[in-house]
Amino acid sequence: MSDIKARAQGLSPDTAARDIQRVVGQTGNIYESLAIVSRRARQLAVDLKHELDQKLEEFAEVTDTIEEVVENKEQIEISKFYEKLPNPVLIAMREYLDDELYSRYNERREEDEDDL
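Please read all numbers here as calculations on a predicted model, not as lab measurements. (Residues numbered from 1 in each chain as written. Predicted model: local features only at pLDDT ≥ 70, side-chain atom pairs only at ≥ 80, totals over all residues. Heavy atoms only, no water.)

Novice: Any chance you could explain the layout of surface pockets here in plain terms?
Specialist: Any empty space left between the atoms is revealed when a probe the size of a water molecule rolls over them. If you add up the space inside the largest pocket, you get close to 410 Å³. Ile36, Arg39, Tyr102, Ser103 and Arg104 are, among the 14 residues lining the largest pocket, the residues nearest its centre. The class makeup of the residues in the lining of the largest pocket is six nonpolar, four polar and four charged. (1 Å grid on protein atoms, 1.4 Å probe; cavity = no way out; pocket = protein on both sides within 12 Å on 5 of 7 lines; lining within 4 Å. Points joined across faces, edges and corners; volume = space filled by probe spheres on them. Nonpolar A, V, L, I, M, F, W, Y, C, P; charged D, E, K, R; others polar.)

Novice: How should I be thinking about the nonpolar core in this particular structure?
Specialist: Taken as a class, soluble globular proteins show a tendency for nonpolar side chains to be buried jointly. The biggest cluster of nonpolar side chains holds 12 residues, and these are Leu11, Val23, Ile36, Val37, Ala41, Leu44, Leu90, Ile91, Ala92, Met93, Tyr96 and Leu97. Counting only elements with at least two residues in this core, the list comes to helix H3 (30–58) and helix H5 (88–97). Examining the composition of this core, we find that six residues originate from one element, H5, more than from any other. Once residues within four sequence positions are removed from consideration, Leu11 is found in contact with Pro86, Leu90, Ile91 and Arg94. The next biggest cluster of nonpolar side chains, apart from the first, holds five residues, and it includes Leu48, Leu52, Ile78 and Leu85. (Core = buried A, V, L, I, M, F, W, Y, C linked by side-chain atoms within 4.5 Å. Buried < 20%, exposed > 50% of the residue type's maximum accessible area, 1.4 Å probe, protein only. Helix = DSSP H or I, 4+ residues; strand = E, 2+ residues; numbered from the N terminus. Contact = heavy atoms within 4.5 Å.)

Novice: What's the story with unusual backbone geometry in this structure? I'm lost.
Specialist: You will see that Asp99, though not glycine, has its phi angle at about 60°, which is positive. Secondary-structure assignment places Asp99 in the loop between H5 and helix H6 (110–115).

Novice: What is the right way to read the pattern of salt bridges from this model?
Specialist: One side chain can pair with another of opposite charge once the charged atoms of both are near each other. If you walk through the whole model with that rule in mind, you get four salt bridges. Note that Glu95 and Arg40 form a salt bridge whose closest N and O atoms lie 2.7 Å from each other. Here Glu95 is found in helix H5, whereas its partner Arg40 is found in helix H3, with 55 residues between them in sequence. Assessed through its relative accessible area of 19%, Arg40 is described here as buried. (Salt bridge = Lys/Arg side-chain N within 4 Å of Asp/Glu carboxyl O.)

Novice: Any chance you could explain the packing of H3 against H5 here in plain terms?
Specialist: Two measures define how a pair of helices packs: the angle their axes make with one another and the distance between the axes. As a packed pair, H3 and H5 sit with axes 8 Å apart at the nearest point and diverge in direction by 125°. Relative to H5, the element H3 lies oblique. Crossing angle aside, the handedness with which H3 passes H5 is right-handed. For the pair formed by H3 and H5, the contact residues are Ser33, Leu34, Ile36, Val37, Arg40, Ala41, Leu44, Ala45 and Leu48 on the first element and Pro88, Val89, Ile91, Ala92, Met93, Glu95 and Tyr96 on the second. Counted by class, the contact of H3 with H5 contains 13 nonpolar, one polar and two charged residues. (Axes fitted to C-alpha atoms, helices over the stretch in contact; angles between N-to-C directions. Parallel < 35°, antiparallel > 145°, perpendicular 65-115°, else oblique. Left-handed = near helix turned anticlockwise from the far one by under 90°.)

See below:
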């Protein structure tokens, strides 16, 4: 999980224009390329959310009353750090353009071929 944070550290949180030909280069189809990037972005988002929840649980304080709200400085700092990270789509796009993602087609099952 810390690998995700390390990759995101040098990445600008701002969106930037991309060269379409470079994005299409691996698959030959813009829709396939974007599907690959979006799947990876979902994976990253789930991993980051899980990691954030685990870290916040470490500092959670259990209280018996609902009215009592306790602000924990450690939780606030951790939350701010994760808010500053770039969007998972930006991280996934960088991984894709740097050829760090592997994608493949699943083989069709024989049942599917018999239905045709």
